[in-house]
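Understanding the architecture of this molecule
So you can see what is in the structure, the chains are spelled out below.
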Amino acid sequence: MIFFELNTNSKDKKGVPPFLITNDKIKKTSFYSKYISMDNFFKNDDNIYLKMSKFKGANLFLRDYHRWDLGHPIAYYIVNSKKLKKVLSSNNLPKHKFYNAEIDANGKIHKYYVLHFIHDYLQEIDYKKSQFSVISLMENDKILSVCKAGEIKNAKHFHKKNKTLINDM
């Protein structure tokens, strides 16, 4: 299996990339995080409404891939152009759906897409070879204990162990 990673530059020849926020057409910024999740597709056929925003001094310009900040869903997603959609569609993707999107850049509307994945990364782990650490987030990421390779048998066991650790805190 081949994996690809999609990264953005913090700055390039054009400057600092703009970012996206949920458009004012949507009353609550949490709307998309409520209806687009790690295990549920968006059931609405309406466009996803986004607005381009920027840091002070950054230029508003469209890219093939944008970062969605305020109001983004709690899920795996990629805001992409028609050109990038074509490239992404040519790959063997996990369970996914493309949603139509509008990006408002200074009052001008641009057609984009949001690719949404339904994917459980815990199913991809080779548990026989994987070693897990228990880390305290409150004490400078101090490692509290280590599970030996193969000690956690599968995703179900991982969730059970994780739940136990959370309850013990």
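Residues numbered from 1 in each chain as written. Predicted model: local features only at pLDDT ≥ 70, side-chain atom pairs only at ≥ 80, totals over all residues. Heavy atoms only, no water.

Remarks on the overall build of the protein chain
If you tally the helices and strands in the protein chain, you get 3 helices and 8 strands. When the helices and strands of the protein chain are placed in sequence order, the string is β-α-β-β-β-α-β-β-β-β-α. The buried share of the protein chain, reckoned over its 169 residues, is 35%. Within the protein chain, counting contacts between residues at least 6 apart in sequence, those at least 24 apart form 59% of the total. Carbon together with sulfur atoms contributes 53% to the accessible area of the protein chain, which is approximately 12,200 Å² in total. (Helix = DSSP H or I, 4+ residues; strand = E, 2+ residues; numbered from the N terminus. Buried < 20%, exposed > 50% of the residue type's maximum accessible area, 1.4 Å probe, protein only. Contact = heavy atoms within 4.5 Å. Areas by Shrake-Rupley, 256 points an atom, 1.4 Å probe, with all protein chains shown as cover.)

Section: the environment of Val-16
By secondary structure assignment, the location of Val-16 is in the segment before strand E1 (19–22). Residue class for Val-16 comes out partly exposed when judged on its relative accessible area of 28%.

Quick look at the side chain of Ser-81
Tracing the sequence through the fold places Ser-81 in the loop between strand E4 (76–80) and helix H2 (82–89). A polar side-chain atom of Ser-81 sits 2.6 Å from a polar atom in the side chain of Asp-64. Within the local environment of Ser-81, its side chain forms a polar contact with the backbone nitrogen of Leu-84, the two atoms lying 3.2 Å apart. Setting aside its immediate chain neighbours within four residues, Ser-81 contacts Arg-63, Asp-64, Tyr-112 and Tyr-113. (Polar contact = N/O pair within 3.5 Å; in protein donor to acceptor, adjacent residues only side chain to side chain.)

A short note on the nonpolar core
Judged by nonpolar contacts, the single largest core of 21 residues is most densely connected at Tyr-32, Ile-48, Trp-68, Val-79 and Val-114. Elements with a minimum of two residues in this core: strand E2 (48–53), E4, strand E5 (96–105) and strand E6 (108–117). Non-local contacts of Tyr-32, meaning those with residues more than four positions away in its chain, are made with Thr-22, Ile-26, Phe-42, Asn-47, Ile-48, Tyr-49, Trp-68, Gly-71 and Pro-73. (Core = buried A, V, L, I, M, F, W, Y, C linked by side-chain atoms within 4.5 Å.)

With respect to the sheet that holds strand E3 (residues 65–68)
With mixed pairing, 6 strands are arranged side by side around a closed barrel as E1-E2-E5-E6-E4-E3. Averaged over all adjacent pairs, the angle separating strand axes in this sheet is 40°, with direction ignored. Here E1 pairs with E3 via 2 bridges, running parallel. By the bridge assignment, Phe-19 is partnered in E3 with Arg-67. Contacts between H2 and the sheet are confined to E3, E4, E5 and E6, with E4 contributing the most and set at about 135° to the helix. (Pairing = 2+ DSSP bridges. Axes fitted to C-alpha atoms, helices over the stretch in contact; angles between N-to-C directions.)

Considering the environment of Lys-11
Along the chain, the position of Lys-11 falls in the segment before E1. The exposure class of Lys-11 is exposed, given its relative accessible area of 60%. When sequence neighbours within four positions are dropped, the list of residues in contact with Lys-11 reads Val-16 and Pro-17.

Remarks on the packing of aromatic side chains
Applying the stated rule across the entire model yields 9 aromatic pairs. Residues Phe-132 and Phe-158 carry aromatic rings whose centres are separated by 5.4 Å and whose planes lie at 50° to one another, so their mutual orientation is tilted. Of this pair, Phe-132 sits in strand E7 (residues 132–136) while Phe-158 sits in helix H3 (residues 155–168), and the two are 26 residues apart along the sequence. Exposure class is identical for Phe-132 and Phe-158. Each is buried. An aromatic cluster is defined as three or more aromatic residues linked by ring pairs; in this entry it consists of Phe-31, Tyr-32, Tyr-35, Phe-42, Trp-68, Tyr-77 and Tyr-99. Above the plane of the ring of Tyr-113 lies Lys-85, whose end atom (NZ or CZ) is 4.3 Å from the centre. (Phe/Tyr/Trp six-rings, centres within 6.5 Å; stacked < 30°, edge-to-face > 60°. Lys NZ or Arg CZ within 6 Å of the ring centre and 35° of its normal.)

Any functional reading would require information beyond the geometric quantities listed.
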